[in-house]
Amino acid sequence: MAKKNTLKEVETVCPYCGTGCQLVLVVDEEANKILECKPSTQGVNEGKLCLKGHYGWDFLNDPQILTKRLREPMIRKGGKGSPLVEVSWDEAIRFVADNLLRIKKKYGPDAIMGTGSARSTNENNYLMQKFMRACIGTNNIDHCARLCHAASVAGCSTSIGEGAMSLSTPEIEDAEVLLNIGYNSPAAHPLVARRVIKAKEKGAKLICIDPRFTETARMADMFLQIRGGTNLAIVNGLANVIISEDLIDRDFIAEHTKGFDEYKGIIEKYTPEFVSTITRVPADTIRAAGRLFGKSKHSIIMWGMGVTQFTQGVDVVKGICGLLMMTGNFGRPSTGVAPVRGQNNVQGACDMCALPNAYPGYQSVTLPENKAKFEKAWGATLSDQIGLHVTRVPERVLHEPDPRKQIHAYYVYGEDPALSDPNLEEVRECLAKIDFVVLQDIFMNKTGLYADAVLPATGWGEHSGMVTATDRSILKTRKAIEPTGNVKEDWQILSLVSTAMGYPMHYHNAEEIWHEVLAVAPKFAGATYEKVEKYGSVRWPCWTKDIQDTGTQYLHKDGKFALPDGKGVFAAAEYAPVKEMENDVYPIALSNFHEVGHHSMRSMTGNCRTLRNLEDEPGVIEMSLEDAEQSGVKNGDIVRVLSKRGHCYSRCVATGRVKHHTAYMTHQWWIGSVNELTVPYLDPVSRTPEYKYCAIRVEKIADQEWAATEVAHIYQTIRKNMRIDVKEGVDVKIKLPKMHSLIR
Ligand SMILES: Nc1nc2c(c(=O)[nH]1)N[C@H]1C(S)=C(S)[C@@H](COP(=O)(O)OP(=O)(O)OC[C@H]3O[C@@H](n4cnc5c(=O)[nH]c(N)nc54)[C@H](O)[C@@H]3O)O[C@H]1N2
Ligand SMILES: Nc1nc2c(c(=O)[nH]1)N[C@H]1C(S)=C(S)[C@@H](COP(=O)(O)OP(=O)(O)OC[C@H]3O[C@@H](n4cnc5c(=O)[nH]c(N)nc54)[C@H](O)[C@@H]3O)O[C@H]1N2
Ligand code: SF4
Ligand SMILES: [Mo]
């Protein structure tokens, strides 16, 4: 009975995807353990959770299945190549500060690059960008949004003035037409998918554009199975149908937009017949989809990585905005753009502007009045030069001849570029060459292998703070248990480093930092703790502190776009093929998608016992039945996958879901690591890599027993290098890839 008294319930927000589901943790205070997780009755998830929400807290118990929690600060005391050794916080902070000061003195502030973290809170991201800007003196701050929805932010900002989702998630269920392109909500955002299903139940029509037969395709009314890499052609084709069949909203175009005539000129040649030759979708299907979309007054376009992870990502996003503007589908409920953001706080990390071009609240660093305002607020001299994108770090380390333009220090906070960036061979070369690398994380990860200093932080569940869901809802995550180990909150670590470098930061708690955010970023000014506590969330923009003001449900009300003259901008571009096409040596086009059973680079889900059992190394490669047969590989075989840049192992799933000469992998494995294969080519504007298309070949491995041992051996070697206890024999058995992968 006594035990019962120590139980408490903590309302918080799921740490995985950007849907922002609210949940309740049942905690045994005395044991300092989470016992279970229940969906909260309030919030966007309406009392439901997906598997990650339900079981994704086990990493806090540090079961060391994949990797291990960082519990002590560590540095390479004996210089590069020497082992990481545990030291006191004082020594670690001094080591980091001295090295950063040394590099800054020798090469200038722009020789240092830092990241924000889409897995961390708004307050921590705010502080990281402030540290880089005010203490280091550079705008070299960026984060994984660059690998993700940066094209959506860039494209939407140009066309409609705001880079975020224009509608709120619940509005999805009242749409008349949902156009889904390069996005698969059932895997990526299950509780967004639930709204799509509800919309269908209410009579909405769903159009799905994807080269692979996805769960979304399965429930769609129309499935346009395009050839990979042809998004711009299909988007231009739909526009062509809507214009040529006179389904446009003339009044909306005249009153609220500009550039339509020029746009129309470019679109003219993208007839369904012409587009069909590029996309391989029958012309009549394109026509039917264009008509269906063009006739609806409640259309929403939802998209994801199948749009943004291409060198034409930004142009496609502008094209998407064009489709909605020409049909008048903005500024009313259940209309508009839905670039559904991936990580739990990637929206917030962008809002706090852990980005190279703006101060918090998207205030450009190149406008002198913004610079003056932040110099005053922060008591520092700031740079007016746009900083570096994370995806350009290898270029500035390996290929930049001028030492003053090279990157000499990399402060990696809550990311794992040694697994998530494209063309990993080059990334490893780059990380090994950089003078000084810091990893501030909760787990040892692959980037940690290159870190000169490792700073251990508290994780979700061990601290409180604000996060922002994909639909601009600002929510509060709450501390449930006391952290174990010699760890500190991210803002504390950053404050200590900054103070040691001569730019003092003396905050007492995260709340103080949030007050500073509200004071400098007018868009969020009304998102006070009081209101977030009272209403559960506040949706930005929220300009006033008035307790009745809960923010903005949908943007661009009455067709007034967030641009200086209030007018949306039409911009069309010509379709261009992807950068690396299939050829005789590498005859298969490889794309990839996010694994349903895991999240991101798996440091958290890979360390949750229930989730880990859903899927394991070395991941799978979905091959067409024809390709599998031609390569002589059977379902379940371990195969070698090769591109011009590298190779990895994976397990074959032969399936009718994918077309001949195409293959798909999920990207988050250490062994089945897609990024050994991917190309480093970037969109010229968003600088997002063309992750979703490269040329590969698949090789059969005759001796499957050898292959299984080899996979287990590679896995153990990585863990040994990370200094995780590996029990020979036992580990091999545990780590052998599971056949669950094949249930698809
Ligand atoms: N379970 C789970 N959920 C997650 C994540 C996770 O790792 N695991 N990660 C989160 C993050 S960070 C993000 S960004 C989101 C990502 O979720 P999504 O935005 O859905 O991205 P992906 O799964 O990478 O790919 C989406 C679709 O793009 C398609 N595609 C590939 N090539 C093309 C093409 O040429 N054209 C078109 N139209 N489509 C193409 C793929 O077949 C796939 O169906 O998920 C979030 N949610
Ligand atoms: N081939 C291919 N590659 C891809 C993609 C793809 O579709 N295909 N998708 C891309 C996309 S969309 C994304 S978003 C990126 C994601 O790439 P990353 O951002 O590199 O991946 P994460 O695993 O989310 O990294 C988060 C890190 O933060 C740590 N962490 C978690 N919570 C905290 C905290 O509170 N404090 C601190 N300090 N650390 C914390 C975790 O342990 C983890 O190491 O990958 C990209 N890479
Ligand atoms: S849908 Fe996303 S936010 Fe909701 S429970 Fe699942 S992973 Fe968490
Ligand atoms: Mo993402």
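Residues numbered from 1 in each chain as written. Chains lettered and ligands numbered in written order. Predicted model: local features only at pLDDT ≥ 70, side-chain atom pairs only at ≥ 80, totals over all residues. Heavy atoms only, no water.

A word on the sheet that holds strand E8 (residues 177–181). Taken in spatial order, the five strands make up an open sheet running E10-E9-E8-E12-E13, and their pairing is parallel. Sheet topology places strand E10 (222–224) and strand E13 (336–339) at the edges, where each strand pairs with a single neighbour. Strand-to-strand twist of the sheet, defined as the mean angle between neighbouring strand axes without regard to direction, takes the value 15 degrees. Packed onto the sheet, helix H15 (residues 313–326) meets E8, strand E12 (299–303) and E13 and runs at close to 170 degrees relative to E12. (Pairing = 2+ DSSP bridges. Helix = DSSP H or I, 4+ residues; strand = E, 2+ residues; numbered from the N terminus. Axes fitted to C-alpha atoms, helices over the stretch in contact; angles between N-to-C directions. Contact = heavy atoms within 4.5 Å.)

Within the span of helix H12 (residues 272–279), buried status applies to Pro 272, Val 275, Ser 276, Ile 278 and Thr 279. Down the axis of H12, the buried side of the element spans an arc of 165 degrees, and every buried residue falls inside it. Residues of H12 that are buried in the fold lie against helix H9 (231–244) and helix H13 (283–294). Phi for Arg 280, located one or two positions after H12, is positive at around 65 degrees. (Buried < 20%, exposed > 50% of the residue type's maximum accessible area, 1.4 Å probe, protein only. Arc of directions from axis to C-beta.)

Taken together, 36 residues sit near ligand 1, with Ala 188, Asp 210, Gly 229, His 598 and Lys 692 positioned nearest. Within the contact set of ligand 1, a nitrogen atom lies 2.9 Å away from a side-chain nitrogen or oxygen of His 594. Taking Lys 692, its side chain carries an N or O atom lying 2.8 Å from an oxygen atom of ligand 1. Taken by itself ligand 1 offers 910 Å² of open surface, and the protein chains cover 98% of this. (Near = heavy atom within 4 Å. Polar contact = N/O pair within 3.5 Å; in protein donor to acceptor, adjacent residues only side chain to side chain. Areas by Shrake-Rupley, 256 points an atom, 1.4 Å probe, with all protein chains shown as cover.)

Here we take up the site of ligand 3. Every residue lining ligand 3 is accounted for by Cys 14, Tyr 16, Cys 17, Thr 19, Gly 20, Cys 21, Leu 49, Cys 50, Lys 52, Gly 53, Pro 190 and Leu 191. Per-class residue counts for the shell around ligand 3 are eight nonpolar, three polar and one charged. (Nonpolar A, V, L, I, M, F, W, Y, C, P; charged D, E, K, R; others polar.)

Counting residues in hydrophobic clusters, the biggest one holds 85 residues, and the most contacted among them are Phe 59, Val 96, Leu 100, Phe 131, Tyr 411 and Trp 514. When residues no more than four places from it in sequence are discounted, the contact partners of Leu 100 are Ile 112, Phe 131, Ile 136, Ala 409, Tyr 411, Phe 436, Val 497 and Met 501. (Core = buried A, V, L, I, M, F, W, Y, C linked by side-chain atoms within 4.5 Å.)

Strand order across the open sheet formed by three strands is E1-E2-E3, with antiparallel pairing between neighbours. Looking at which strands have only one partner, the edges of the open sheet turn out to be strand E1 (7–13) and strand E3 (33–39). Taken pair by pair, the neighbouring strands of this sheet meet at an average axis angle of 30 degrees, ignoring direction. Of the pairings in the sheet, the one linking strand E2 (residues 22–28) to E3 comprises six bridges and is antiparallel in character. Within E3, the residue paired with Val 27 across the bridge is Ile 34.

This part covers helix H7 (residues 190–201). Its 12 residues give H7 an end-to-end C-alpha distance of 16 Å, which sits within 8% of 16 Å, the value for a rise of 1.5 Å per residue. All of the buried residues in H7 are Leu 191, Val 192, Ala 193, Arg 195, Val 196 and Ala 199. Buried residues along H7 sit against E8, helix H6 (185–188), strand E9 (205–209), helix H8 (215–219) and E12. Remark: Gly 203 follows H7 within two positions and exhibits a positive phi of approximately 110 degrees. (Expected span 1.5 Å × (residues − 1).)

As a further point, take the pattern of salt bridges. Evaluation of the coordinates by the stated rule reveals 42 salt bridges. Across the pair Glu 273 and Arg 287 runs a salt bridge, and its minimum N-O distance is 3.0 Å. With a gap of 14 residues between them, Glu 273 in helix H12 and Arg 287 in helix H13 connect regions that are remote in the sequence. Taking relative accessible area as the criterion, Glu 273 reaches 41% and is therefore assigned partly exposed. Residue Glu 699 pairs with Arg 640 through a salt bridge whose shortest N-O separation is 3.5 Å. A residue pair is termed long-range when its members are at least 10 positions apart, and Glu 699 in strand E28 (residues 694–700) and Arg 640 in strand E25 (residues 638–642) qualify at 59 residues. Relative accessible area serves as the criterion here: at 25%, Glu 699 is assigned to the partly exposed category. By sharing partners, the salt bridges in this structure join Glu 46, Glu 173, Asp 174, Arg 194, Arg 195, Lys 198 and Lys 202 into a single network. (Salt bridge = Lys/Arg side-chain N within 4 Å of Asp/Glu carboxyl O.)

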